[in-house]
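Coordinate analysis (summary)
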Amino acid sequence: MTVPENGEGSTAALSLTSSTVDEIAVIKVDGVLDATTREQFADYLSLAGPNLILDLAGVTFMDSRALGLIVHHWQTSLSSGTKFALIGVEYAKSKVMWITGLAQRLPIYDTLDDALAAMG
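Residues numbered from 1 in each chain as written. Predicted model: local features only at pLDDT ≥ 70, side-chain atom pairs only at ≥ 80, totals over all residues. Heavy atoms only, no water.

Describing the overall build of the protein
- Assigned secondary structure in the protein consists of 4 helices and 5 strands.
- Reading the protein from its N end, one meets helices and strands in the order β-β-α-β-α-β-α-β-α.
- The C-alpha radius of gyration computed for the protein amounts to 14 Å, which stays within 12% of the reference 14 Å derived for 120 residues, consistent with globular compactness.
- Overall, the C-alpha framework of the protein stretches about 45 × 30 × 25 Å when taken along its three principal axes.
- Counting only residues that meet the buried cut, the protein has 41% of its 120 residues in that class.
- Sequence separation of 24 or more characterises 64% of the internal contacts of the protein that already satisfy a separation of 6 or more.
- A total of about 6,700 Å² of accessible surface is found on the protein, and carbon and sulfur atoms cover 51% of it.
- On the protein, the mean spot of the 7 positive side-chain charges and the mean spot of the 14 negative ones are 8 Å from each other. (Helix = DSSP H or I, 4+ residues; strand = E, 2+ residues; numbered from the N terminus. Rg over C-alpha atoms; globule rule 2.2 N^0.38 Å. Buried < 20%, exposed > 50% of the residue type's maximum accessible area, 1.4 Å probe, protein only. Contact = heavy atoms within 4.5 Å. Areas by Shrake-Rupley, 256 points an atom, 1.4 Å probe, with all protein chains shown as cover. Lys, Arg positive; Asp, Glu negative; His and termini not counted. Charge placed at Lys NZ, Arg CZ, Asp CG, Glu CD.)

This is how it looks when you write it as structure tokens:
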């Protein structure tokens, strides 16, 4: 096993990258979304523009704190009239969305094209 050079061990388990499509920030999330990566995730989200798509296909685990951040951004978009969507959500890696009932309420789409089409 190789120890990461930054010495953070498992806390270095999150990679975030972004691009822009039709003036909408698309953030690709790879790795673990939990208490050890919450601050990194929150900081990255705070830099995103008002219109946001989160690509969660690379998420290996999500806890309720990370879901809370996602819900906060969704609620902000609802109140401000901006665009927000989730893509690539997998039940096995994001069970907390189903356990809380939020999977039925959050704007979840299979693909980026589906999300963009829904956002019009």
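Notes on the packing of aromatic side chains
- Summed over all chains, the structure comprises 1 aromatic pair.
- A centroid spacing of 5.3 Å and a plane angle of 80 degrees characterise the contact between Tyr91 and Trp98, whose relative ring orientation is edge-to-face.
- Look at Tyr91 and you get partly exposed, because its relative accessible area is 46%. (Phe/Tyr/Trp six-rings, centres within 6.5 Å; stacked < 30°, edge-to-face > 60°.)

Remarks on the nonpolar core
- Of all hydrophobic cores here, the largest spans 28 residues; its most connected members are Phe41, Leu54, Leu56 and Met62.
- Where this core is concerned, the elements lending two or more residues are strand S1 (14–21), strand S2 (24–33), helix H1 (38–47), strand S3 (52–62), helix H2 (64–80), strand S4 (84–87) and helix H3 (95–99).
- If one sorts the elements of this core by residue count, H2 sits on top with 6 residues.
- Setting aside anything within four residues of it in sequence, one finds Leu54 in contact with Ile27, Phe41, Leu45, Ile70, Phe84, Ala85, Leu86 and Ile87. (Core = buried A, V, L, I, M, F, W, Y, C linked by side-chain atoms within 4.5 Å.)

Here we look at the side chain of Asn51
- Of note, Asn51 is situated in the loop between H1 and S3.
- Asn51 sits in the buried class, given a relative accessible area of 19%.
- Here Asn51 is in contact with Glu23, Ile24, Ala25, Thr82 and Lys83, once residues within four sequence places are set aside.

As for the pattern of salt bridges
- Under the definition given, this model contains 2 salt bridges.
- Salt-bridge contacts for Lys28 lead to Asp30; the nearest nitrogen and oxygen are separated by 3.5 Å.
- For Asp30, a relative accessible area of 26% puts it in the partly exposed group.
- Linking Glu90 and Lys93 is a salt bridge whose minimum nitrogen-to-oxygen distance equals 3.5 Å.
- Taking the relative accessible area as the measure of exposure, Lys93 reaches 29% and is therefore partly exposed. (Salt bridge = Lys/Arg side-chain N within 4 Å of Asp/Glu carboxyl O.)

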